[in-house]
Amino acid sequence: MIKVMAINAGSSSLKFKLYDMPEETVITEGNIERIGHEDAYYTININGDKIKTVLPVKNHKEATNLLLDDLVKRKIVSSLDEIKGVGHRIVQGGDYFSDSVIVDDDVIAKIDELCQLAPLHNPAHLTGIKAFMEVLPDVPNVVVFDTAFHQTMAEEAYMYALPYEWYTKHRIRKYGAHGTSHQYVARKAAEVVGVPIEELKIVTCHLGNGASIAAVQGGKCVDTSMGLTPLEGIPMGTRSGNIDPAVVEFICMKDNLTVSEVLYILNHKSGYLGVSGISNDSRDLEEAMQRGDKRSKLALDIQYKRIADYIGSYYVYMGGIDIIVFTAGIGENCSRCRSEVLRRVKVLGVELDEEANAKARGEIRELTTRDSKIRAFLIPTNEELVIARDTVRLARLIQ
Ligand code: AMP
């Protein structure tokens, strides 16, 4: 039995999950937030209890030391030698990485170069990797990319109809996101129905605050809704998803805004929040809708329509669909979202099991009836587990 750490480092946060492998049991998890502040806080889950400490944490190295010292102090590990590998989530791997890899100088240089495509995420991930390399110099680090699973898309799916030089000079193309989640739930779906994934056409709907859809044919991603950045695709909690790009100049002129200001609004003030004017959280919108708030209903309806549009287009692109999967915060918890989407794609051969769907929450459930041509499932995602598995696989921790 060996211990492996899965890390998701943000600009001021460090989320962690410690696993016993190959058993895949979670030993503990938690996060350190507000890194760089006097009142940073460290939360660790011990046997179901969340223990929170407020303390100053200067940087990610200090956060890493704090975490590792605490694991020893609490006897979660008897010594740091027990941790045999650390896996890191990386948002943007560009077209360099179609699988997870062991960290070396070249990998670090590439992640650094790709900061231009993910300016909020990649620099933070690098800070996390460097912190662990310093604090645990003999332990292998593995990086797991959100984009890697989407690297199998054909040119016709990932290229935009823009001047070709924008691609060759500036690498403007579709990269996608949430790949780790799409891959995990697609494989799990194949396992659940007991059919080799090579024989299946699956649409995976990762519906969280950020949301994307993927078409997975024969186990490989053939299309996905997010693009160069996570702004493309379906409307989300605060993101607009697809719009006519001409809106940008139009609103710049009307409201005297800069392009950056408009992009900020498209990323942070649109989607559920922008249309409803109430919240980016589907629970708040559902509540408001029950009270008769029309804009909340509209915000949800726009999203459901667009999800159904993607499912329809992937049906055509793959020449059919065997399974539709719902996952992430909304997909796992919001039965109305699932029923609204499945109702809208009924024509493809989806027979919703209303009762099963109403009950489904947070665990694997079939959502369609026995005579449904397309089967739909709720499958909880587990990106951290993929990170832990890939760390074991690539660092060859278990022979
Ligand atoms: P995620 O980004 O996957 O953590 O998903 C977060 C989103 O899931 C929240 O913003 C909510 O909109 C949604 N969500 C979480 N729990 C529920 C719930 N019980 N019912 C409806 N929506 C939920």
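Look above for the structure.
1. Some points on helix α1 (residues 60-73)
Inference 1: Taking 1.5 Å per residue as the helical rise, α1 with its 14 residues ought to reach 20 Å, and the 20 Å between its terminal C-alpha atoms agrees with that figure.
Inference 2: N-cap assignment for α1: the residue whose side-chain oxygen lies 3.2 Å from the backbone N of K61 is N59.
Inference 3: At the exit of α1 stands K75, carrying a positive phi of roughly 60°.

2. Regarding the environment of G274
Inference 1: In this fold, G274 is placed in helix α9 (residues 271-276).
Inference 2: Counting along the chain gives 38 residues from G274 to M236, while the straight-line C-alpha distance between them is 10.0 Å.
Inference 3: Beyond its immediate stretch of four places on either side in the chain, G274 contacts K269 and R295.

3. Examining the packing of helix α7 (residues 246-255) against helix α8 (residues 259-268)
Inference 1: The interhelical angle for the contact between α7 and α8, taken along N-to-C directions, is 115°, at an axis separation of 9 Å. Here α7 runs over α8; the crossing is right-handed. Together, V248, I251 and C252 of α7 and V259, V262 and L266 of α8 make up the contact between the two elements.
Inference 2: Partitioning the contact of α7 with α8 into residue classes produces six nonpolar, no polar and no charged.

4. Thoughts on the packing of α1 against helix α3 (residues 122-135)
Inference 1: It is at 8 Å that the axes of α1 and α3 come closest, and there the two elements cross at 55°. On the basis of their axis angle, the class for α1 and α3 is oblique. α3 is crossed by α1, and the crossing has right-handed handedness. Counting all contacts with α1, which are made through H60, K61, T64, N65, L67 and L68, the residues of α3 involved are T127, G128, A131, F132, E134 and V135.
Inference 2: Within the contact of α1 with α3, the residues separate by chemical class into five nonpolar, five polar and two charged.

Rules used throughout
Residues numbered from 1 in each chain as written. Predicted model: local features only at pLDDT ≥ 70, side-chain atom pairs only at ≥ 80, totals over all residues. Heavy atoms only, no water. Helix = DSSP H or I, 4+ residues; strand = E, 2+ residues; numbered from the N terminus. Expected span 1.5 Å × (residues − 1). Polar contact = N/O pair within 3.5 Å; in protein donor to acceptor, adjacent residues only side chain to side chain. Contact = heavy atoms within 4.5 Å. Axes fitted to C-alpha atoms, helices over the stretch in contact; angles between N-to-C directions. Left-handed = near helix turned anticlockwise from the far one by under 90°. Nonpolar A, V, L, I, M, F, W, Y, C, P; charged D, E, K, R; others polar. Parallel < 35°, antiparallel > 145°, perpendicular 65-115°, else oblique.

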